[in-house]
Amino acid sequence: MITHVAMWKFDDGSDDLRRQFIDGLNALNGVIPQIRYIKAYESCNEANDFNAVLLVKFDSLADLALYQKDPRHLAVAQIGKEHRVSRASIDYEEA
């Protein structure tokens, strides 16, 4: 099992777009077949370095690669790209 974790810091004043982004990511559940689990969250503490996080689980790195190229994912990702200050991610394999 592969877990993909991504975090974003968004510009001040982009609260509505951040919610649209989070909702868009969560709406991918059951839509992209490679996803085994997906959940995006907004931070409850604005003092954090990042104010949104995404957790996604896949069966394999190949499934992660398919997800990353899926047009439905890319459409949602574009919202995040337009309004982020920074982004960090990590992929790891669970035993």
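Before reading on, note that the structure itself is shown above.
Please read these numbers as outputs of a predicted model, since none were measured by experiment. (Residues numbered from 1 in each chain as written. Predicted model: local features only at pLDDT ≥ 70, side-chain atom pairs only at ≥ 80, totals over all residues. Heavy atoms only, no water.)

*Asks:* I'd love a proper account of the overall build of the chain, names of residues and values included.
*Replies:* Regarding its fold elements, the chain presents three helices and four strands. The order of α-helices and β-strands along the chain, N terminus first, is β-α-β-β-α-α-β. C-alpha atoms of the chain, sized along the principal axes, occupy 35 × 25 × 20 Å. Taking all 95 residues of the chain together, 37% fall into the buried category. Carbon and sulfur atoms provide 52% of the accessible area of the chain, an area that totals close to 5,600 Å². For the chain, the distance from the average site of its 11 positive side-chain charges to the average site of its 15 negative ones is 3 Å. (Helix = DSSP H or I, 4+ residues; strand = E, 2+ residues; numbered from the N terminus. Buried < 20%, exposed > 50% of the residue type's maximum accessible area, 1.4 Å probe, protein only. Areas by Shrake-Rupley, 256 points an atom, 1.4 Å probe, with all protein chains shown as cover. Lys, Arg positive; Asp, Glu negative; His and termini not counted. Charge placed at Lys NZ, Arg CZ, Asp CG, Glu CD.)

*Asks:* So what's going on with the packing of aromatic side chains? Which residues, and what values?
*Replies:* Tallied over the entire structure, the rule returns three aromatic pairs. Where Trp-8 meets Phe-21, the ring centres are 4.8 Å apart and the plane angle is 85°; that geometry is what we call edge-to-face. With Trp-8 in strand 1 (residues 2-10) and Phe-21 in helix 1 (residues 15-26), this pair connects stretches of sequence that are 13 residues apart. No difference in accessibility class separates Trp-8 from Phe-21, as the two residues are buried. For the ring pair Phe-58 and Tyr-67, a centre distance of 5.1 Å and an interplane angle of 50° mean the geometry is tilted. Taken together through their ring pairs, the aromatic side chains of Trp-8, Phe-10 and Phe-21 make up a single cluster. (Phe/Tyr/Trp six-rings, centres within 6.5 Å; stacked < 30°, edge-to-face > 60°.)

*Asks:* Got a sec to walk through helix 1? Specific residues and values, please.
*Replies:* Between its first and last C-alpha atoms helix 1 spans 17 Å; for twelve residues at 1.5 Å apiece the expected length is 16 Å, and the two agree. Regarding helix 1, the residues found buried are Arg-18, Phe-21, Ile-22, Gly-24 and Leu-25. The buried side chains of helix 1 occupy one side of the element, clustering within an arc of 160° when seen end-on. Among the exposed residues of helix 1, those oriented more than 90 degrees off its buried face are Asp-16 and Asp-23. The inward-facing, buried residues of helix 1 abut strand 1, strand 2 (37-42), strand 3 (52-58), helix 2 (61-69) and helix 3 (71-83). (Expected span 1.5 Å × (residues − 1). Arc of directions from axis to C-beta. Contact = heavy atoms within 4.5 Å.)

What is shown is where atoms sit, not what they do.
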